[in-house]
Amino acid sequence: MGQRTDGPDERHQRPDGVSDATVAALGKLSEALECVERARGHLYSMHQLIGHADLMLDDAVEQFRAAGHPHLADRIGTELRGRNVIAGRWTFQIVEDFDDGYHAVFRELDQQARDELVGGRRHLYEAEMKERCRSRGRPGHEARPGGGD
């Protein structure tokens, strides 16, 4: 029997015997992981922005000193520049703790759920939604790249 070309490829098809409730639960877990991935991106943005701001303080200290305000230059240079953003931590440490802790466990559990329940397949909920929503036979509504309807 030939491979089906009018729907999702095999890796985006629900295995036999998998319930709607299971696909929905996996979809919700995937959606939650996507939110965590976005939060991780914001955390990396914070890491880079704080680092950039800290480097800019060097210029500010120099400029205050040159403008005749050594007391402000000294205070900024000793109390703010290089300061921990959270007790005992610079942002690189926060990023590392997040990646090695919460993020790693989240990804591990997402993978475990997919491996145990659907053979590791990803985005089944979305693939099925695409099949419900697309207009067969219309350009731009193909089931997959290079595929037929």
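Residues numbered from 1 in each chain as written. Predicted model: local features only at pLDDT ≥ 70, side-chain atom pairs only at ≥ 80, totals over all residues. Heavy atoms only, no water.

1. Brief notes about the packing of aromatic side chains
Put simply, the rule reads: Paired rings are identified among Phe, Tyr and Trp, the last through its six-membered ring, by centres lying within 6.5 Å, and are further divided according to the angle between planes into stacked (under 30 degrees), edge-to-face (over 60) and tilted (the rest). For the purposes of this entry, the term helix denotes a DSSP run of H or I that reaches at least four residues, the term strand denotes a run of E that reaches at least two, and both are numbered from the N terminus. Exposure classes here rest on a 1.4 Å probe applied to the protein chains alone. A residue is buried below 20% of its type maximum, exposed above 50%, and partly exposed in between.
Scanning all chains against the criterion turns up three aromatic pairs. With centroids separated by 5.9 Å and ring planes inclined at 35°, the aromatic side chains of Phe98 and Tyr102 adopt a geometry described as tilted. Taken together, the residues Phe98 and Tyr102, both in helix 3 (residues 91–118) and four residues apart, mark about one turn of the helix. Accessibility expressed as a relative area gives 19% for Phe98, which makes it buried. For the pair Tyr102 and Phe106, a centre-to-centre distance of 5.8 Å together with 65° between the ring planes defines the contact as edge-to-face.

2. With respect to the layout of surface pockets
Which entries qualify depends on this criterion: Both site types are read off a 1 Å grid over the protein atoms alone. A 1.4 Å probe that fits but cannot get out defines a cavity, while an open set with protein on both sides within 12 Å along at least five of seven lines defines a pocket; lining residues have an atom within 4 Å of a point. Grid points are joined across faces, edges and corners, and a volume is the space filled by probe spheres set on the points. Gly falls in the polar group here, along with every residue not listed as nonpolar (Ala, Val, Leu, Ile, Met, Phe, Trp, Tyr, Cys, Pro) or charged (Asp, Glu, Lys, Arg).
Each pocket or cavity is described by its volume, and for the largest pocket that value is around 270 Å³. Together, 14 residues line the largest pocket, and Ile50, Gly51, Asp54, Arg83 and Val85 are the ones closest to its centre. Looking at the lining of the largest pocket, the elements that each hand over two or more residues are helix 1 (20–66) and helix 3. If you tally residues by element for the lining of the largest pocket, the top one is helix 1, at seven residues. Split into classes, the residues belonging to the lining of the largest pocket amount to eight nonpolar, four polar and two charged. The space that makes up the second largest pocket amounts to roughly 200 Å³. Of the residues assigned to the lining of the second largest pocket, the class counts are one nonpolar, three polar and six charged.

3. Here's the deal with helix 3
Let me state the cut-off plainly: For a helix, the expected span equals 1.5 Å multiplied by the residue count minus one. Bend is the name given here to the angle between axes fitted to two runs of seven residues, the run ending at a residue and the run starting at it. The contact definition used throughout considers only heavy atoms, calling two residues in contact when any of these lie within 4.5 Å.
With 28 residues, helix 3 extends 37 Å between its outermost C-alpha atoms, agreeing within 8% with the 40 Å of an ideal straight helix rising 1.5 Å per residue. Of all the bends in helix 3, the largest measures some 40° and sits at His103. Buried residues along helix 3 sit in contact with helix 1 and helix 4 (124–133). In the stretch just after helix 3, Gly119 is the one whose phi turns positive, near 65°.

4. As for the packing of helix 1 against helix 3
As a reminder, the rule being used: Convention adopted: a line fitted to C-alpha atoms gives each axis, helices being fitted over their contacting stretch, and angles between N-to-C directions are expressed from 0 to 180 degrees. Roughly parallel covers angles under 35 degrees, roughly antiparallel covers those over 145, roughly perpendicular covers 65 to 115, and oblique covers all other angles. Handedness of a helix crossing follows the sense of rotation of the near helix relative to the far helix, less than a right angle counterclockwise being left-handed and clockwise being right-handed.
Packing of helix 1 against helix 3 leaves a shortest axis separation of 10 Å and a crossing angle of 165°. As far as their axial angle goes, helix 3 and helix 1 are roughly antiparallel. The hand of the helix 1/helix 3 crossing is left-handed. When grouped by side-chain class, the residues that make up the contact of helix 1 with helix 3 number 19 nonpolar, five polar and six charged.

5. As for the environment of Leu57
As for its position among the elements, Leu57 is in helix 1. You can call Leu57 buried: its relative accessible area is 17%. As for Leu57 and Glu96, which are separated by 39 residues in sequence, their C-alpha atoms are 24 Å apart. Setting aside residues up to four positions removed in sequence, Leu57 forms contacts with Ile76, Leu80 and Arg81.

6. Digging into the pattern of salt bridges
We count it as follows: Each salt bridge in this description consists of a side-chain nitrogen of Lys or Arg and a carboxyl oxygen of Asp or Glu lying within 4 Å of one another.
Taken as a whole and assessed by the stated rule, the structure comprises 14 salt bridges. Between Asp9 and Arg11 there is a salt bridge, and its shortest N-O distance comes to 3.2 Å. For Arg11, a relative accessible area of 54% translates into the label exposed. The salt bridge partner of Arg89 is Asp97, with a shortest N-O separation of 2.7 Å. Judged by relative accessible area, Asp97 falls into the partly exposed class, the value being 40%. One salt-bridge network, in which partners are shared between bridges, spans Arg14, Asp20 and Glu128.

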